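As a plain string of letters, each chain reads:
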Amino acid sequence: MELGDKVAIVTGAARGIGYAIASRYAREGARVMLADVDEDAGAEAADVIRDAGGNVQFVACDVAERLDIHNLVAATLEAYERVDVLVNNAATVHAADFLELSEADFDRVMRVNLTGAFLAGQAVAREMKRQFEEDGRNGVIINMSSVNAEVAIPDQVPYVVAKGGINQLTRVMAVALARYGVRVNAIGPGSVSTGMLKAVNADDEGRARLMSRTPMGRIGSPDEIAGVAAFLASDDASYITGQCIYADGGRLALNLTVESQT
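Residues numbered from 1 in each chain as written. Predicted model: local features only at pLDDT ≥ 70, side-chain atom pairs only at ≥ 80, totals over all residues. Heavy atoms only, no water.

Peer 1: Outline the overall build of the protein, listing residues and values.
Peer 2: In terms of helices and strands, the protein carries eight helices and seven strands. The globule rule puts the C-alpha radius of gyration for 262 residues at 18 Å, and the 18 Å found for the protein is close to it. Overall, the protein is about 55 × 40 × 35 Å in size when its C-alpha atoms are taken along their principal axes. Classification of the 262 residues of the protein by burial places 50% in the buried group. A separation of at least 24 residues holds for 73% of the contacts in the protein among residues at least 6 apart in sequence. Summing over all exposed atoms, the protein offers an accessible surface of approximately 12400 Å²; the carbon and sulfur share of this is 50%. Charged side chains of the protein number 24 positive and 36 negative; the gap between the two group centres comes to 5 Å. (Helix = DSSP H or I, 4+ residues; strand = E, 2+ residues; numbered from the N terminus. Rg over C-alpha atoms; globule rule 2.2 N^0.38 Å. Buried < 20%, exposed > 50% of the residue type's maximum accessible area, 1.4 Å probe, protein only. Contact = heavy atoms within 4.5 Å. Areas by Shrake-Rupley, 256 points an atom, 1.4 Å probe, with all protein chains shown as cover. Lys, Arg positive; Asp, Glu negative; His and termini not counted. Charge placed at Lys NZ, Arg CZ, Asp CG, Glu CD.)

Peer 1: Please set out the side chain of N89 residue by residue, giving values where relevant.
Peer 2: Within the secondary structure, N89 is located in the loop between strand 4 (85–88) and helix 4 (103–135). Once you skip the residues sitting within four places of it in the chain, N89 turns out to touch T11, G12, I17, G18 and M144.

Peer 1: Describe the pairing of strand 2 (residues 31–36), and please don't skip the residues or the numbers.
Peer 2: Of all six residues in strand 2, five are buried; the element is thus mostly enclosed. With five bridges connecting them, strand 1 (residues 7–11) and strand 2 associate as parallel partners. Residue I9 lies in a different strand from strand 2, and its bridge partner there is M33. At this point the chain moves from strand 1, through helix 1 (residues 16–27), to the parallel strand 2, and the crossover so formed is right-handed. Across six bridges, the pairing between strand 2 and strand 3 (residues 55–60) is parallel. Pairing of V32 across the sheet is with V56, part of strand 3. (Pairing = 2+ DSSP bridges. Right-handed = clockwise from strand over helix to strand, strands pointing away.)

Peer 1: Pulling in residues and values, what's your account of empty space enclosed by the protein?
Peer 2: Per the stated rule, a full pass over the model turns up one cavity of 30 Å³ or more. Along its surface, the largest cavity is lined by T11, V63, N88, N89, A90, V112, N113, G116, A117, M144, K163 and I166. Residue assignment for the lining of the largest cavity shows that the elements contributing at least two residues are helix 4 and helix 5 (157–177). Element by element, the count of residues in the lining of the largest cavity is highest for helix 4, at four residues. Here the residues of the lining of the largest cavity are counted per class, giving six nonpolar, five polar and one charged. (1 Å grid on protein atoms, 1.4 Å probe; cavity = no way out; pocket = protein on both sides within 12 Å on 5 of 7 lines; lining within 4 Å. Points joined across faces, edges and corners; volume = space filled by probe spheres on them. Nonpolar A, V, L, I, M, F, W, Y, C, P; charged D, E, K, R; others polar.)

Peer 1: Break down the pairing of strand 1 for me, with residues and values.
Peer 2: Residues in a regular strand project their side chains so that they alternate between the two faces of the sheet. By the criterion of burial, strand 1 is predominantly enclosed, with five of the five residues buried. The pairing of strand 1 with strand 4 spans three bridges and is parallel. Counterpart to V10 in the pairing with strand 4 is V87.

Peer 1: Any chance you could break down the pattern of salt bridges for me, citing the residues and the numbers?
Peer 2: Throughout the structure, instances matching the rule amount to twelve salt bridges. D84 is the salt-bridge partner of R137, the closest N and O atoms lying 2.5 Å from each other. Placement of R137 in the loop between helix 4 and strand 5 (139–144) and of D84 in the loop between helix 3 (66–80) and strand 4 is noted, with a sequence separation of 53 residues between them. Taking relative accessible area as the criterion, R137 reaches 22% and is therefore assigned partly exposed. With a shortest N-O distance of 3.4 Å, R108 and D105 are connected by a salt bridge. Separated by three residues within a single helix, R108 and D105 lie in helix 4, roughly one turn from each other. The network of salt bridges with shared partners includes D5, R82, D84 and R137. (Salt bridge = Lys/Arg side-chain N within 4 Å of Asp/Glu carboxyl O.)

Structure (structure tokens):
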């Protein structure tokens, strides 16, 4: 799955799954533009990957802002002259009871998690279309979904709704962009060891709940999701588009709970 001839943009790359994907891509030989709203953490992440031998740069970017997306694409083209892969990973959450959730908080999460993927996907796809028409170069877009596109969490309304939208956005983009040599897929992680999961996994009761819905009996790692992202970005996945690959330890196949294995 060598990616040595590719240029990739990864949003939400300062930590967690985004950072793992950027690191994996860099190790595979890709040139990577890291993007994140957290400028300090993003710059530090880029330094770590660079110190390990990766060819990476960082741009501060709020994916909910069209101008930031424009600047991200422009910076990537200035640094690397093209873009072959986009990973729409940036996301946020807001916990609230459905009856208490404010319109502003709903809109804020949707703006980052769904509209941001649309804005970045559209901007990068336009460049990929140009590249395909000029030299036949294919492109790849990977949207970060979740098992919560299929199963609901009652106090994470906008996050769950946005992830459902990501799956349909992925399908629409795949159909619309196939003629331009652009493949579009999604990854749907289950319970993965990231900052977002930390609060749920902080106590014995919370961890027991996680394990009760995970047949493999463990929490996944960001590196395991990065492996899926590396595959989808590679030529090994050249006939795959419009799909969501669920890396969830068997969660969606489960129709009951299992006893904790810890």
